[in-house]
Amino acid sequence: MSTENLPQSPEQPPRKPRVAVVFGGRSSEHGISVVTAGAVLRAIDRTKYDVLPIGITRDGRWALTADEPERMAIIDRQQPNVEQLAESSEGGVVLPLDPADREVVYSEPGSVPKALGEVDVVFPMLHGPYGEDGTLQGLLELSGVPYVGSGVLASAVGQDKEYMKRVFTSFGLKVGPYVVIRPREWELDPAVARKKIIDFAGDHGWPLFVKPARAGSSFGITKVDSFEGLDEAIEEAQRHDPKIIVEALLRGREIECGVLEFEDGPRASVPAEIPPVQSHDFYDFEAKYIDSASGIVPAPLTEEQTAEVRRLAVEAFDAASCEGLVRADFFLTEDGEFVINEINTMPGFTPISMYPRMWQETGVSYPELVDRLVQAALRRSTGLR
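Note that the structure is a prediction, hence the values are computed from the model and not measured.

## Describing the pattern of salt bridges
Then, number 1: The final tally for this structure, using the stated rule, is 32 salt bridges.
Then, number 2: In this structure, Glu263 engages Arg372 in a salt bridge whose closest nitrogen and oxygen atoms are separated by 3.4 Å. Remark: Arg372 occurs in helix α12 (residues 366–379) and Glu263 occurs in the loop between β12 (252–262) and β13 (265–268); sequence separation between them is 109 residues.
Then, number 3: Overall, the relative accessible area of 58% leaves Glu263 in the exposed class.
Then, number 4: A residue is classified by how much of its surface remains accessible, and Arg372, at 21% relative accessible area, is partly exposed.
Then, number 5: For Arg385, the salt bridge is made with Glu323, and the minimal N-O distance between the two is 2.8 Å.

Here it is as structure tokens:
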């Protein structure tokens, strides 16, 4: 029987890739993560992607949230949180555990679980522990869901300032002097641990910077000018991480550079300079996110210095086996040498954040930046690569 004259069923239009934007989380950077996700939700191309916002509360519940980026901003110096955005105080979102199934399910107590559809890629806008440090990346690897940004190893290395510096040193990148105090050292004998820092100060001088080893957004950092302020600084750092790192002061200019994964590999943006902030001892959280300290983009460097810092930024990206994006932070010392301070594998995307500003100046707009990151994630498979 001929089928030529039978009515033909209309072809279904191809399904748009579904992007789950995951934000919030259990770290002290919860609020900044929400702000960052709001900026991404405003910028992502809705004609090209379906979007599913998922917030992680401060106690770790995965919540279905309203797609209302205007509510995800710092207002009157107050940071937003997922609890304010969650559609329910009890419901939870569950990722698939079978790599062959990308169906996301939402359930509430006493109700039949509801399928939310398949997710093609996760955009994890999480900062700090329990999100940026490889833990979420490991979960997504087990689920078989591609995601934006670096994998498990690079994310963990990028979160731990000690091992980040060890990796950079092994690849020939210059880092500043530092000493690490592990939780066991402090618990066994605080006097011995304290002496370790005092001896370090004897070698490198005051002031010192006492930091949580695995935190970001400048949380928990104290500039210590003498022995008298040391214990208070250690206590503040340990509120964020039981492991602390103490760094010597590097005199010089603060230079940042963005790295973005293109089809042919990573490229560096024009660099930016963070000028001294008169109202702050250093570029701390308040300066970054509340008082809107303005970086200089592009940084006033010579052509040779610009080329060198861009080269070093890509070298740091490769040294830590990063993917997707990185912001690399350097000091340009008084003798003209670039010293790498750290990388950030999921830098801030707030409207005043340096990473998107550097790429805007390089010729990649904010919406294009978001699109390139999603496309890079869709090109990659999960698992060993």
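## Details of helix α4 (residues 152–159)
Then, number 1: If you check which residues of α4 are buried, you get Ala154, Ser155, Val157, Gly158 and Gln159.
Then, number 2: Taken together, the buried residues of α4 touch α3 (135–143), α5 (161–170) and β16 (338–344).

## Quick notes on the side chain of Asp160
Then, number 1: Within the secondary structure, Asp160 sits in the loop between α4 and α5.
Then, number 2: For Asp160, a relative accessible area of 9% puts it in the buried group.
Then, number 3: In terms of polar contacts, Asp160 uses its side chain to reach the backbone amide nitrogen of Glu162, at 3.0 Å.
Then, number 4: Apart from the residues lying within four places of it in its own chain, the contact partners of Asp160 are Ala213, Arg214 and Lys243.

## Concerning the sheet that holds strand β6 (residues 114–118)
Then, number 1: An order of β4-β5-β6 is seen for the 3 strands of this open sheet, with the pairing classed as antiparallel. At either end of the open sheet lies a strand with only one pairing partner, and these are β4 (92–94) and β6. Between one strand axis and the next, the sheet turns through 25 degrees on average, direction left out of account.
Then, number 2: Here 4 bridges tie strand β5 (residues 103–107) to β6, and the two strands are oriented antiparallel to one another.

## What about the UniProt feature "active site" (unreviewed entry) in the chain?
Then, number 1: According to UniProt, the positions carrying the feature "active site" (unreviewed entry) are Glu29, Ser217 and Ser353.
Then, number 2: You can see Glu29 is positioned in the loop between β1 (18–24) and α1 (30–43).

## A look at the sheet that holds strand β10 (residues 222–224)
Then, number 1: Taken in spatial order, the 4 strands make up an open sheet running β8-β11-β9-β10, and their pairing is antiparallel. Two strands in the sheet have a free side with no partner beyond their single neighbour: β8 (178–181) and β10. Each adjacent strand pair in this sheet contributes to an overall mean axis angle of 25 degrees, direction not counted.
Then, number 2: The pairing of strand β9 (residues 208–212) with strand β11 (residues 244–248) spans 5 bridges and is classified as antiparallel. Bridge pairing links Val210 to Val246 in β11.
Then, number 3: Together, β8, β9 and β11 form the strand contacts of helix α7 (residues 190–204), whose direction differs from that of β8 by roughly 175 degrees.

## Observations regarding unusual backbone geometry
Then, number 1: Pro207 follows Trp206 through a cis peptide bond whose omega is 0 degrees.
Then, number 2: Within the secondary structure, Pro207 sits in the loop between α7 and β9.
Then, number 3: A cis amide bond links Val297 with the next residue in sequence, Pro298, at an omega value of -5 degrees.
Then, number 4: Its place among the elements puts Pro298 in the loop between α9 (285–290) and α10 (303–319).
Then, number 5: Phi is positive for Asp76, close to 50 degrees, though the residue is something other than glycine.
Then, number 6: By the secondary structure assignment, Asp76 is in the loop between β3 (62–64) and α2 (82–85).
Then, number 7: Judged by relative accessible area, which is 69%, Asp76 ranks as exposed.

## Thoughts on the pairing of β12
Then, number 1: Counted residue by residue, β12 has 8 buried out of 11 residues, so it is predominantly covered.
Then, number 2: Relative to strand β15 (residues 325–333), β12 runs antiparallel, the two sharing 9 bridges. Pairing of Gly258 across the sheet is with Arg327, part of β15.
Then, number 3: Two elements, β12 and strand β14 (residues 272–274), share 3 bridges in a ladder whose sense is antiparallel. Looking across to β14, one finds that Glu254 is bridged to Ile274.
Then, number 4: With 4 bridges joining them, β12 and β13 adopt antiparallel strand pairing. Bridged to Val259 within β13 is Ala268.

## Here's the deal with the packing of α1 against α12
Then, number 1: Here α1 crosses α12 at 95 degrees, and the two axes come no closer than 9 Å. Between α1 and α12, the interaxial angle falls into the category roughly perpendicular. Contact with α1, carried on its side by Ala39, Val40 and Ala43, involves Tyr366, Pro367 and Val370 of α12 and no other residues of that element.
Then, number 2: Classifying every residue of the contact of α1 with α12 by side-chain character gives 6 nonpolar, no polar and no charged.

Reading the values: rules and limits
Residues numbered from 1 in each chain as written. Predicted model: local features only at pLDDT ≥ 70, side-chain atom pairs only at ≥ 80, totals over all residues. Heavy atoms only, no water. Salt bridge = Lys/Arg side-chain N within 4 Å of Asp/Glu carboxyl O. Helix = DSSP H or I, 4+ residues; strand = E, 2+ residues; numbered from the N terminus. Buried < 20%, exposed > 50% of the residue type's maximum accessible area, 1.4 Å probe, protein only. Contact = heavy atoms within 4.5 Å. Polar contact = N/O pair within 3.5 Å; in protein donor to acceptor, adjacent residues only side chain to side chain. Pairing = 2+ DSSP bridges. Axes fitted to C-alpha atoms, helices over the stretch in contact; angles between N-to-C directions. UniProt positions renumbered as here; feature names shortened; annotations may be inferred. Parallel < 35°, antiparallel > 145°, perpendicular 65-115°, else oblique. Nonpolar A, V, L, I, M, F, W, Y, C, P; charged D, E, K, R; others polar.

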